[in-house]
Amino acid sequence: MEFHDLYKIACETLRPRQISKNSSAGSVAAAILTDNGHVYTGVCIDTPCSMGFCAEHAAIAAMITAGESRILKVVAVTEGNMVVSPCGRCREFICQVHDDNDQCEVMLADDTIMTVRELIPHRWQ
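Under an unreviewed UniProt entry, the name given to the chain is Cytidine deaminase, and the source organism is Chitinophaga arvensicola. As its UniProt record puts it under Sequence similarities (unreviewed entry), the chain is described as follows: "Belongs to the cytidine and deoxycytidylate deaminase family."

Set out below in C-alpha cells:
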C-alpha cells in the first residue's frame, strides 16, 4: 500500500465534531499500515485537563486490540486534509509498542517521507 492510499483513508476518517459541552473529536485523523498489511485508523479526542489523546494513539490502540504491533507507515491529517506530523509523544509511543517501529515511515508532506528514527534521533531508550 502506498502513502497516497493511507492519506485517502485518513482523510475519509477525518470528521471534526463536538462530542460534549467541553470536548471535541475528529479534528485529526490517522491511518497506520502494519507489517501484516492491515490498516487501522483513529481520531483525536480533545478534552479539558489534557485527558484526551491523539489520533495516532487511537489507531495504535485499535491495532494492539487486533493483536498487532509492528507499524510500517503512518499518516495523519487535520482539517482541510492537511498532512501533520505526529507529535513527540506519538513518535515515542510508536517506538515503544514494537522494537522495530523506529523504522516506521511517516508522511510529512506529499513529497517528504521520513522514519521515526530520523524524527527523533536521540530518543529515550
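Visitor: Tell me about the pairing of strand S3 (residues 39–46), and name the residues and values.
Guide: Direction of pairing for strand S2 (residues 24–34) relative to S3: antiparallel, over a ladder of seven bridges. Its bridge partner lying in S3, Ser 24 is registered against Asp 46. Adjacent in sequence and paired antiparallel, S2 and S3 are bridged by four residues, among which Gly 37 carries a positive phi angle near 85 degrees.

Visitor: Tell me about the pairing of strand S6 (residues 105–109), and please be specific about residues and values.
Guide: Where strand S4 (residues 71–78) meets S6, two bridges bridge the pair, whose relative direction is parallel. Considered in S6, the bridge of Val 74 is made with Val 106. As paired elements, S6 and strand S7 (residues 112–115) share four bridges and run antiparallel to each other. Note on S7: the bridge partner recorded for Glu 105 is Thr 115. What sits between S6 and S7 in their antiparallel hairpin is a turn of two residues.

Visitor: Tell me about unusual backbone geometry, residues and numbers included.
Guide: In this model, Cys 49 sits at a positive phi of 65 degrees, which is unusual for a non-glycine residue. As for its position among the elements, Cys 49 is in the loop between S3 and helix H2 (55–65). One non-glycine residue, Asn 81, adopts positive backbone phi at about 60 degrees. Classification of Asn 81 as partly exposed rests on a relative accessible area of 34%.

Visitor: Please provide a residue-by-residue account of helix H1 (residues 3–13), values included.
Guide: Within H1 the residues assigned to the buried category are Phe 3, Leu 6, Ala 10, Cys 11 and Thr 13. The buried residues of H1 occupy an angular sector of 160 degrees when the element is viewed end-on, so they sit on one face. Away from its buried face by more than 90 degrees, H1 exposes His 4, Lys 8 and Glu 12.

Visitor: Describe H2, naming the residues involved and giving the relevant values.
Guide: Listed in full, the buried residues belonging to H2 are Ala 55, Glu 56, His 57, Ala 58, Ala 59, Ile 60 and Met 63. Along its buried surface, H2 packs onto S2, S3, S4 and helix H3 (88–96).

Visitor: I'd like to hear about the packing of H2 against H3, residue by residue, with values.
Guide: In the contact formed by H2 and H3, the axes pass within 9 Å of each other and the chain directions differ by 20 degrees. In terms of orientation, H2 and H3 fall into the roughly parallel class. Here the hand of the crossing between H2 and H3 comes out left-handed. Across the interface between the two elements, Glu 56, His 57 and Ile 60 of H2 pack against Arg 89, Cys 90, Phe 93 and Ile 94 of H3. Across the contact of H2 with H3, the residue classes tally to four nonpolar, one polar and two charged.

Conventions and cut-offs
Residues numbered from 1 in each chain as written. Predicted model: local features only at pLDDT ≥ 70, side-chain atom pairs only at ≥ 80, totals over all residues. Heavy atoms only, no water. UniProt positions renumbered as here; feature names shortened; annotations may be inferred. Pairing = 2+ DSSP bridges. Helix = DSSP H or I, 4+ residues; strand = E, 2+ residues; numbered from the N terminus. Buried < 20%, exposed > 50% of the residue type's maximum accessible area, 1.4 Å probe, protein only. Arc of directions from axis to C-beta. Contact = heavy atoms within 4.5 Å. Axes fitted to C-alpha atoms, helices over the stretch in contact; angles between N-to-C directions. Parallel < 35°, antiparallel > 145°, perpendicular 65-115°, else oblique. Left-handed = near helix turned anticlockwise from the far one by under 90°. Nonpolar A, V, L, I, M, F, W, Y, C, P; charged D, E, K, R; others polar.

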